[in-house]
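# Tertiary structure, described
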Amino acid sequence: MSGATGAGPAASSRSGPWAPLVATLALQTLATMAAYSMPAAAPEVGRGLGVEPALVGVFISCVYGVGMISALLSPSAIRRFGAARTGQFTVLATIAMLFAAGSGNLGLVAASAVILGLGYGATAPVATHLIVPRTRPGQLNLILSIRQIGVPLGGTLAGLLVPPMVLYFGWPAALLVQVVPALALLLVMQAPRARWDADRSPSARLGLRGALGPLRLLRTDRAVRNLTFATFLYAGIQLCFIAFLVVHLTSGGVADLVRAGQALAVFQVSGVVSRPIWGVIADRWTGARVLLVLHGLIMAAATAAAGQFSPDWSFVAVLFVCAVAGTTASGYTGIAYGEFARIGGARRIEATALGSAAMFLGVMVLPSLFGLAIAAGGGYPLAYGGAAALALAGAFALLAPRRPRPRP
């Protein structure tokens, strides 16, 4: 493989990770906020376009579906254009999505999901390429865990800011106002672009064949394959909680809507707060792989417990289970990307791209299977029990012995 994915210039490690961290954290936050602005504004969007608001689920699935493809293609784009330029492309995709969705035209709103997805998959590979060479090994999991806060932060900002803006200014304006910080980030990233992209290779090939690089790791690297399988499951279980927790608690008489919302907030906030904590633990004591195994085991226990929620449960006990589930099913992503970068070695952006694609696939597949288990008559105990079994499967996959990587 080309040295483009290696450590980069020696100056990279001396410059420190903080500027790339801030840039990629902002990139992830703004792109995620744009994606989740549509669900946040769904009732008014549906009313304005004359469509069923529930179709917003198709919008999010489309973003992640196209994002899978863009994630797999991003390593070749990073090699040819540089990580900073590829990140700027993601910002441009976010801006184009906001303009298209804010136009109020049904066709453009539908197309906006594809537009955002074209850039969304590159967020993690861009961060890995810019951050890892500039980060001391003893800080890597912490730095990448901080960057991953951009996902829940973007979703939280969408949930808090978009509905009031929709009420006061209308949903198109609530989308278009987000163009301003995105444009600012686009300009800010231009300043260090020449330095950050000094290792790019303009002769590097682009095309759909570039997606084979990350996928080839599934065949050639057992450690990457096992981690990919585990993160596919962990990401899907996270979205099962997010998608079904409130309806589970309210339909089962466990909590009213306000308390159910509080339980979901505890799940989300626990995932945000725990991410940098897990990063410190992984860097200083356990390593990311061991910690990811523990995440799977604890996640399985919390998920199985959630399937037993009933009106007999105290609300404090419900919140405790949600907090434990959030710290694992939502808190694992930063150390997962740290482990992808570590075991990927010189091919770390391919490994990171594969991890992103697997997580996106888990987000799309597992909540649907979860819903089918409920609809088939098994109810929430069966659905959560199945999810718990999958969490165990992910943990045991990470425990599998690793074969030596073949020499290139």
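Once a new chain begins, its residue numbering starts again from 1 and follows that chain's sequence as written. Two thresholds apply to this predicted model, a pLDDT of at least 70 for residue-level local features and 80 or more for giving and counting side-chain atom pairs, whereas whole-chain, interface and lining totals are computed over all residues. Hydrogen atoms and water are omitted, and side-chain values are computed over all heavy atoms in the structure.

### Overview of empty space enclosed by the protein
- Of the grid points, spaced at 1 Å and generated over the protein atoms alone, those admitting a 1.4 Å probe that cannot get out make up cavities, while open sets with protein on both sides within 12 Å along at least five of seven lines make up pockets; any residue with an atom within 4 Å of a point is treated as lining. Grid points are joined across faces, edges and corners, and a volume is the space filled by probe spheres set on the points. As enumerated under the stated definition, the model contains two cavities of 30 Å³ or more in all.
- Quantified by volume, the second largest cavity comes out at close to 40 Å³.
- As for the second largest cavity, its lining consists of L27, L30, A31, V91, T94, A182 and L185.
- Secondary structure follows DSSP: runs of H or I at least 4 residues long count as helices, runs of E at least 2 residues long count as strands, and numbering of each begins at the N terminus. When contributions to the lining of the second largest cavity are tallied by element, the ones reaching two or more residues are α2 (18-40), α5 (83-102) and α11 (179-190).
- With three residues, α2 is the single largest residue contributor to the lining of the second largest cavity.
- Any residue that is not Ala, Val, Leu, Ile, Met, Phe, Trp, Tyr, Cys, Pro, Asp, Glu, Lys or Arg is counted as polar, Gly included; the first ten are nonpolar and the last four charged. Of the residues assigned to the lining of the second largest cavity, the class counts are six nonpolar, one polar and no charged.

### Section: the packing of aromatic side chains
- Geometry of aromatic contacts follows a simple scheme: Phe, Tyr and Trp rings, the Trp one being its six-membered ring, pair when their centres are within 6.5 Å, and the pair is stacked under 30 degrees between planes, edge-to-face over 60, tilted otherwise. A complete count under the given rule lists eleven aromatic pairs for this structure.
- A ring pair is formed by Y120 and F360, whose centres lie 5.8 Å apart and whose planes are at 35°; its orientation type is tilted. Taken together, the positions of Y120 in helix α6 (residues 106-120) and F360 in helix α19 (residues 348-399) put the pair 240 residues apart, joining distant regions of the chain. F360 matches Y120 in its accessibility class, with the two residues each being buried.
- Site record: aromatic cluster; members linked through ring pairs are F241, F244, F267, F370, Y380 and Y384. A 1.4 Å probe rolled over the protein chains alone gives each residue an accessible area, and that area as a share of the maximum for its type sets the label: buried under 20%, exposed over 50%, partly exposed in between.

### Some remarks on the confidence of the model for the chain
- A score from 0 to 100, pLDDT tells how confident the predictor is in each residue. When pLDDT is averaged along the chain, the result is 92, and 95% of the positions lie at 70 or above.
- Of the regions scoring below 50 in pLDDT, residues 1-11 engages in 20 contacts with residues more than four places distant in sequence or in other chains. Residue contacts follow a heavy-atom distance rule, with two residues in contact if any of their heavy atoms lie within 4.5 Å.

### Some words on helix α14 (residues 222-251)
- For α14, with 30 residues, the first-to-last C-alpha span of 43 Å sits near the 44 Å given by 1.5 Å per residue.
- In the structure, α14 departs most strongly from a straight axis at F244, where the bend amounts to approximately 50°.
- Counting buried positions along α14 yields 21 of 30 residues, so the element is predominantly enclosed.
- Of the residues flanking the start of α14, the one acting as N-cap is D221, its side-chain oxygen 3.1 Å from the backbone nitrogen of A223. In this analysis, the expected span of each helix is defined as 1.5 Å times one less than the number of residues it contains. To get the bend at any residue, fit one axis to the seven residues that end at it and another to the seven that begin at it, then take the angle between the two axes. Whenever a nitrogen or oxygen atom comes within 3.5 Å of another N or O atom, the pair is scored as a polar contact, on the condition that within protein one atom can donate a hydrogen and the other can accept it, and that pairs from neighbouring residues in sequence are kept only if both atoms are in side chains.

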